[in-house]
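Observations on chain architecture
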Amino acid sequence: MKLETLAVHAGRRKDSSTGAVAQSPILSTTFERDGDGGYPHGNVYTRALNPGRTGLEKLLTALENGAATAAFGSGSAASLAVFQALNPGDHVIAPDDVYHGTRTQLRELLARWGVEYSLIDLTDLDAVRAAVTPKTRLIWIETPSNPLLKVADIEALAAICRQAGAVCAVDSTFATPVLQQPLALGADLVMHSTTKYLGGHSDILSGAIITRSEDAFFQRIRDYQIMGGPVPAPFDCWLLQRSIATLPLRIKAQSANAQAVAEFLAGHPQVSAVHYPGLASHPGHALARRQMSGFGAMLSFQVHGGNDAAARTAARVALFTRATSLGGVESLIEHRASVEGPFSTTPKNLLRVSVGLEHPDDLIADLQQALAAD
Ligand SMILES: *Cc1c(COP(=O)(O)O)cnc(C)c1O
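Keep in mind the model is a prediction, meaning the values are calculated, not measured.

Here's the deal with the overall build of the chain
From N to C terminus, the chain includes 14 helices and 12 strands. For the chain, the C-alpha radius of gyration of 21 Å lies close to 21 Å, the compact-globule estimate for 374 residues. C-alpha atoms of the chain, sized along the principal axes, occupy 75 × 55 × 35 Å. Considering the chain as a whole, with its 374 residues, one finds that 53% of them fall into the buried category. Long-range contacts, defined as pairs at least 24 residues apart, comprise 71% of the intrachain contacts of the chain with a sequence gap of at least 6. Working note: accessible area of the chain is about 15,600 Å², and carbon and sulfur atoms make up 55% of it. Here the chain contributes 31 positively and 35 negatively charged side chains, and the mean placements of these two sets differ by 2 Å.

Now the structure itself:
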């Protein structure tokens, strides 16, 4: 079945007791045993298993064409689940412009447990090969990357992983399963901050790991999910499954809007650079064309006049909302460097934009007036 169909139907529970067409969340944390101590429905306790979470996991597994999924209470819990599956002394390669929260986990949490890491420009395959050591156990890819929208070659990096005996993981949050299928390109597992496009309405914090095979490495992730307990709430699993039904439509419409906004910005005299893989001028454009079925709805741009000019532009928007995060129906704009803190490598004149579902003419008019005054 095609992805649009799976998005509506995969993982849905039929309620034979009422015939209800719409699913309801199963909020119960505990489930009744029968007289001889058995569990007639297979459910014991929600941390270990909740029928709504299982349905969501089946849905995500179907969308990525994987073998299994572990759902988490945030994207950060999902990435940490992968890192904790490593052993002390293992080495990780991650992108030099990796999502700042992922970098913070490696620096603040994993380094203390003896996991070493190198931050490398993943668009430079020779640099990646040179960074591989006998201890390299994981290459963490993020493509397109946050916030510079760099495009990394999943197929080529997966081949490097196979040679090195390393796990190939892809943070595919910006692309969603609609635009990019990392497992089909050779990755071993896919991570999503489902807080973003899969949730789609800026009201659910959650994450997921989808794996290509239920191997020993994934079992460590599953054990951490159940024993460590960073699971999503049943209500959020329900909301997320409800949102995913419209994901294919939303991401296509938002991507078309983003293309229009990027083209407008690329022609504006006050704008010094636009980072959007859908522009022919983007260094990752050809690769994105090959690897993705669309260019997504995230972009960033730099303005002439440095930090203050960027701040003034952000201050003047009226339709865009100044806020962090991404993937919702409403368009957001953010001065990224000031959110990322002291370790940020993001240019100070950069604004990151999450393009929503408004009419692109209205979005462009808002940016036009915000840029015009400088
Ligand atoms: C937001 C985000 C994360 C972290 O997810 P949370 O749900 O905020 O914990 C990880 N990677 C990327 C690319 C993100 O945008």
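Here's the deal with the nonpolar core
Within soluble globular proteins, side chains that are nonpolar tend to cluster in buried spots. Counting residues in hydrophobic clusters, the biggest one holds 61 residues, and the most contacted among them are Ile-244, Leu-265, Val-274, Tyr-276, Leu-299, Phe-301 and Ile-333. By residue number, the principal contributor to this core is helix H10 (residues 247–266), which donates seven residues. Residues lining this core come from more than one domain, with at least three contributed by each of domain 1 (3–244) and domain 2 (248–372). The residues touching Tyr-276, leaving out its near neighbours within four places in the chain, are Ser-255, Ala-258, Gln-259, Ala-262, His-282, Phe-295, Gly-296, Met-298 and Leu-299. Core analysis: the second largest hydrophobic core is formed by 27 residues, Ala-77, Ala-85, Ala-94 and Val-98 among them.

What about the domain arrangement of the chain?
You can read the domains of the chain as domain 1 (3–244) and domain 2 (248–372). Spacing between the C-alpha centres of domain 1 and domain 2 amounts to 26 Å. Contacts between domain 1 and domain 2 engage 36 residues on the former and 39 residues on the latter. Approximately 2,900 Å² of surface area, both sides summed, lies buried where domain 1 meets domain 2, with 59% of it carried by carbon and sulfur atoms. The largest contributions to the domain 1 side of the interface with domain 2 come from Val-151, Leu-179 and Tyr-197, which together make up 25% of the buried area. In this structure, the connection of domain 1 to domain 2 is made through two salt bridges.

Observations concerning the layout of surface pockets
The space that makes up the largest pocket amounts to roughly 340 Å³. Lining of the largest pocket is provided by 25 residues; of these, Ser-76, Tyr-99, Asn-146, Ser-193 and Lys-196 occupy positions nearest its centre. Put simply, the parts of the chain that give the lining of the largest pocket at least two residues each are helix H3 (75–84), helix H4 (100–110) and helix H13 (336–340). Split by residue class, the lining of the largest pocket holds seven nonpolar, 13 polar and five charged.

Looking at the environment of Leu-299
Counting through the fold element by element, Leu-299 comes out in strand E9 (residues 298–303). Of the residues examined, Leu-299 reaches a relative accessible area of 0% and is grouped as buried. Sequence separation between Leu-299 and Ser-16 is 283 residues, and the spatial gap between their C-alpha atoms is 45 Å. In this structure Leu-299 touches Leu-149, Ala-258, Val-261, Ala-262, Leu-265, His-275, Tyr-276, Leu-351, Arg-352, Val-353 and Val-355, once residues within four positions along its chain are discounted.

Topic: the site of the ligand
In the vicinity of the ligand, 16 residues are found, and the nearest of them are Ser-76, Asp-171, Ser-193, Thr-195 and Lys-196. For the ligand, an oxygen atom lies 2.9 Å from a polar atom in the backbone of Gly-75. With respect to the detected pockets, the ligand is housed in the largest pocket.

Let's talk about the sheet that holds strand E11 (residues 332–335)
Reading across from one edge, E8-E9-E12-E11-E10 is the order of the five strands in this open sheet, with mixed pairing throughout. Unpaired on one side and paired on the other, strand E8 (271–275) and strand E10 (321–322) mark the two borders of the sheet. The pairing of E10 with E11 spans two bridges and is classified as parallel. If you follow Arg-322 over to E11, its bridge partner there is Ile-333. Sheet strands touched by H10: E8 and E9. Its angle to E9, the strand with the most contacts, is close to 15 degrees.

Let's talk about the packing of helix H2 (residues 51–64) against helix H9 (residues 234–244)
Packed helices, taken two at a time, are described by their axes: the angle between them and the distance between them. One way to put it is that H2 packs onto H9 with a least axis distance of 9 Å and a crossing angle of 35 degrees. The two elements H2 and H9 meet at a crossing, and its hand is left-handed. Facing Gly-52, Arg-53, Gly-55, Leu-56, Leu-59, Leu-60 and Leu-63 of H2, the residues of H9 in contact are Cys-237, Leu-240, Gln-241 and Ile-244.

As for H9
Every buried residue of H9 is accounted for by Pro-234, Cys-237, Leu-239, Leu-240, Gln-241, Ser-243 and Ile-244. Among the structural elements, helix H1 (3–9), H2 and H10 are those in contact with the buried residues of H9.

Notes on the pairing of strand E5 (residues 167–171)
Side chains on a regular strand alternate between the two faces of the sheet. E5 sits mainly inside the fold: five of its five residues count as buried. Here E5 shows two buried faces, one formed by Val-167, Ala-169 and Asp-171 and the other by Cys-168 and Val-170. A crossover links strand E4 (residues 136–142) with its parallel partner E5, the connecting element being helix H6 (residues 154–164), and its sense is right-handed. Judged from the three bridges that link them, E5 and strand E6 (residues 189–192) form a sheet pairing that is parallel.

A word on H6
Residue pairs spaced three or four apart in an α-helix point in one direction, given the helix's 3.6 residues per turn. When we look at burial in H6, the residues that qualify are Ile-154, Leu-157, Ala-158, Ile-160 and Cys-161. All buried residues of H6 fall inside an arc of 155 degrees around its axis, so they share one side. For H6, the exposed residues lying more than 90 degrees away from the buried face are Glu-155, Arg-162 and Gln-163. Capping of H6 at its N-terminal end is provided by Asp-153; its side-chain oxygen lies 3.3 Å from the backbone amide nitrogen of Glu-155. Phi for Gly-165, located one or two positions after H6, is positive at around 70 degrees.

Rules behind the numbers
Residues numbered from 1 in each chain as written. Predicted model: local features only at pLDDT ≥ 70, side-chain atom pairs only at ≥ 80, totals over all residues. Heavy atoms only, no water. Helix = DSSP H or I, 4+ residues; strand = E, 2+ residues; numbered from the N terminus. Rg over C-alpha atoms; globule rule 2.2 N^0.38 Å. Buried < 20%, exposed > 50% of the residue type's maximum accessible area, 1.4 Å probe, protein only. Contact = heavy atoms within 4.5 Å. Areas by Shrake-Rupley, 256 points an atom, 1.4 Å probe, with all protein chains shown as cover. Lys, Arg positive; Asp, Glu negative; His and termini not counted. Charge placed at Lys NZ, Arg CZ, Asp CG, Glu CD. Core = buried A, V, L, I, M, F, W, Y, C linked by side-chain atoms within 4.5 Å. Domains from an automatic or database assignment. Buried area = accessible area lost by both parts, 1.4 Å probe. Salt bridge = Lys/Arg side-chain N within 4 Å of Asp/Glu carboxyl O. 1 Å grid on protein atoms, 1.4 Å probe; cavity = no way out; pocket = protein on both sides within 12 Å on 5 of 7 lines; lining within 4 Å. Points joined across faces, edges and corners; volume = space filled by probe spheres on them. Nonpolar A, V, L, I, M, F, W, Y, C, P; charged D, E, K, R; others polar. Near = heavy atom within 4 Å. Polar contact = N/O pair within 3.5 Å; in protein donor to acceptor, adjacent residues only side chain to side chain. Sits in = over half its atoms within 2 Å of the grid points. Pairing = 2+ DSSP bridges. Axes fitted to C-alpha atoms, helices over the stretch in contact; angles between N-to-C directions. Left-handed = near helix turned anticlockwise from the far one by under 90°. Right-handed = clockwise from strand over helix to strand, strands pointing away. Arc of directions from axis to C-beta.

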